[in-house]
Amino acid sequence: VHVRVCSSCCSFEDYKLTTEWLMNQTSLRPKVAVICGSGLGLLADRVANKQAFRYQDIPNFPVSTGESHAPCRDMKAAWCLGPSRTRRVTPSVTFPVRIFKLMGVESLLVTNASGGICPDFKVGDIMLIKDHINLPGFAGQHPLCGPNDERFGIRFPCMSDAYSKELRAMAMDIGSELGCGGFIREGVYCMVSGPNFETVAEARMLHILGCDSVGMSTIPEVTVAKHCGLRVLGLSLITNKVSLDYSREEKVNHEEVLEIGKMRAEVLQKLVTTLISCCQQSINTH
Ligand SMILES: O=P(O)(O)O[C@H]1O[C@H](CO)[C@@H](O)[C@H]1O
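Residues numbered from 1 in each chain as written. Predicted model: local features only at pLDDT ≥ 70, side-chain atom pairs only at ≥ 80, totals over all residues. Heavy atoms only, no water.

K.L.:
Go over the packing of helix α4 (residues 165-177) against helix α8 (residues 265-285), please, and point to the residues and values.
P.N.:
Taken N-terminus to C-terminus, the directions of α4 and α8 make an angle of 130 degrees; their axes are 10 Å apart at the nearest point. On the basis of the axis angle, α4 is oblique to α8. Two packed elements cross with a definite hand, and for α4 against α8 that hand is right-handed. Contact with α4, carried on its side by Glu166, Leu167, Met170, Ala171, Ile174 and Gly175, involves Leu271, Thr274, Leu275, Cys278, Cys279 and Ser282 of α8 and no other residues of that element. A class-by-class count of the residues in the contact of α4 with α8 yields eight nonpolar, three polar and one charged. (Axes fitted to C-alpha atoms, helices over the stretch in contact; angles between N-to-C directions. Helix = DSSP H or I, 4+ residues; strand = E, 2+ residues; numbered from the N terminus. Parallel < 35°, antiparallel > 145°, perpendicular 65-115°, else oblique. Left-handed = near helix turned anticlockwise from the far one by under 90°. Contact = heavy atoms within 4.5 Å. Nonpolar A, V, L, I, M, F, W, Y, C, P; charged D, E, K, R; others polar.)

K.L.:
Could you give an account of the pairing of strand β6 (residues 184-191), naming the residues involved and the relevant values?
P.N.:
Among the eight residues in β6, six count as buried, and that is most of the element. Here strand β5 (residues 126-134) pairs with β6 via eight bridges, running parallel. When the bridges of β6 are listed, Asn134 appears paired with Met191. For β6 and strand β7 (residues 213-215), the ladder comprises three bridges, and the chain directions are parallel. Pairing of Met191 across the sheet is with Gly215, part of β7. Once you follow β6 into helix α5 (residues 200-208) and on to β7, the crossover reads as right-handed. (Buried < 20%, exposed > 50% of the residue type's maximum accessible area, 1.4 Å probe, protein only. Pairing = 2+ DSSP bridges. Right-handed = clockwise from strand over helix to strand, strands pointing away.)

K.L.:
Now, about unusual backbone geometry: what can you tell me, with residues and values included?
P.N.:
In this model, Gly194 is joined to Pro195 through a cis peptide bond whose omega is 5 degrees. Notably, Asn60 is not glycine yet its phi reads approximately 70 degrees, a positive angle. Here Asn60 shows up in the loop between β1 (32-35) and β2 (73-77). The partly exposed category is assigned to Asn60, whose relative accessible area is 27%. The phi dihedral of Thr218 falls on the positive side, at around 75 degrees, and the residue is not glycine.

K.L.:
Quick one: what's the story with the packing of aromatic side chains, residue by residue and with numbers?
P.N.:
Here the structure, examined in full by the defined rule, presents six aromatic pairs. On the numbers, 4.9 Å between centres and 20 degrees between planes, the contact of Tyr15 with Phe95 is stacked. One end of the pair, Tyr15, is in helix α1 (residues 12-25); the other, Phe95, is in helix α2 (residues 95-102), with 80 residues separating them in the sequence. No difference in accessibility class separates Tyr15 from Phe95, as the two residues are buried. Seen in terms of ring centroids, Trp21 and Phe53 are 5.8 Å apart; in terms of plane orientation they differ by 65 degrees. Their pairing is edge-to-face. With Trp21 in helix α1 and Phe53 in the loop between β1 and β2, this pair connects stretches of sequence that are 32 residues apart. Given a relative accessible area of 24%, Trp21 falls into the partly exposed group. These aromatic residues form a ring-pair network of at least three members: Phe12, Tyr15, Tyr55, Phe61, Phe95 and Phe152. A cation over a ring is seen here: Arg151 above Phe12, with NZ or CZ 4.2 Å from the ring centre. Between Arg264 and the ring centre of Phe183, over which it is positioned, the NZ or CZ distance is 3.7 Å. (Phe/Tyr/Trp six-rings, centres within 6.5 Å; stacked < 30°, edge-to-face > 60°. Lys NZ or Arg CZ within 6 Å of the ring centre and 35° of its normal.)

K.L.:
Before we move on, can you summarise helix α7 (residues 254-263) with the specific residues and values?
P.N.:
For α7, the set of buried residues is Val257, Ile260 and Gly261. Taken end-on, α7 shows its buried residues confined to a sector of 105 degrees, consistent with a single buried face. Opposite the buried face of α7, by more than 90 degrees, sit the exposed residues Glu255 and Lys262. For α7, the secondary structure elements touched by its buried residues are β4 (107-116), β8 (231-241) and α8. Sitting at the amino-terminal end of α7 is Asn253, which places a side-chain oxygen 3.1 Å from the backbone nitrogen of Glu255. (Arc of directions from axis to C-beta. Polar contact = N/O pair within 3.5 Å; in protein donor to acceptor, adjacent residues only side chain to side chain.)

K.L.:
I'd like a rundown of the pattern of salt bridges, residues and numbers included.
P.N.:
Counted by the stated rule, this structure contains 10 salt bridges. As a salt-bridge pair, Arg151 and Asp149 come within 3.1 Å of each other at their nearest N and O atoms. Relative accessible area serves as the criterion here: at 54%, Arg151 is assigned to the exposed category. Across the salt bridge formed by Arg248 and Glu250, the nearest N and O atoms sit 3.2 Å from each other. With relative accessibility at 23%, the residue Arg248 sits in the partly exposed group. (Salt bridge = Lys/Arg side-chain N within 4 Å of Asp/Glu carboxyl O.)

Rendered as structure tokens:
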């Protein structure tokens, strides 16, 4: 398995080859792409007009190496990346994002599971990601490290508006129409590298830093998407409450994360499918 160290480790020709291969395999040209988080693979089941590819069949695509902490996710449906065995800090997770861009995608919907830090959040809430803190990025694990390819974007991209305000407003409206406005929130997502869940001291630090939820993914994809000019919407399902208190007995585990994903699958499916058509419409009318 060839694991790329950062997005610049692939040449533009590598990206082009993969794009051309995919475009020769399908006549579908979606404008919206979706990346599914842990336990959220069912989102792909509702995609109409599906054509599925296995990662290992796609030239240059990062291949998953195992059950956990693997560098990529399965491709479940057209321009819809299925859930990981966990995508995290390994930068090859961003390879598909540039392929989306070259294939004509304009908006990216990312979903993930995360632990709620904001005391007001409840398990099962859906947090629209308003902003993020890229902790691995601070430590030098950044998907845009290395030489910059101007054909994708500029050397020093602005990230202050990484998550589209317009798409967030659209998600809020759709959520209310679908009757789930009561558990849609907005907040700041923080990425840690994992794979362990946070200690109480770490969780307290994240709280002080202004994080509303914490997970181990998404920011590399969003950073690369923003760099190459995609509009991004991030939906984070709060699957557990992060312990900010030593007296709390409950212990978080991955099974619980997947379980809550299943519990919210139907609502998220409806939300995401409606969002896809509204995004598509807003692109068509621009
Ligand atoms: O971010 P996604 O892939 O949804 O997965 C989340 O769930 C896993 C932990 O249970 C971690 O990988 C965390 O990042």
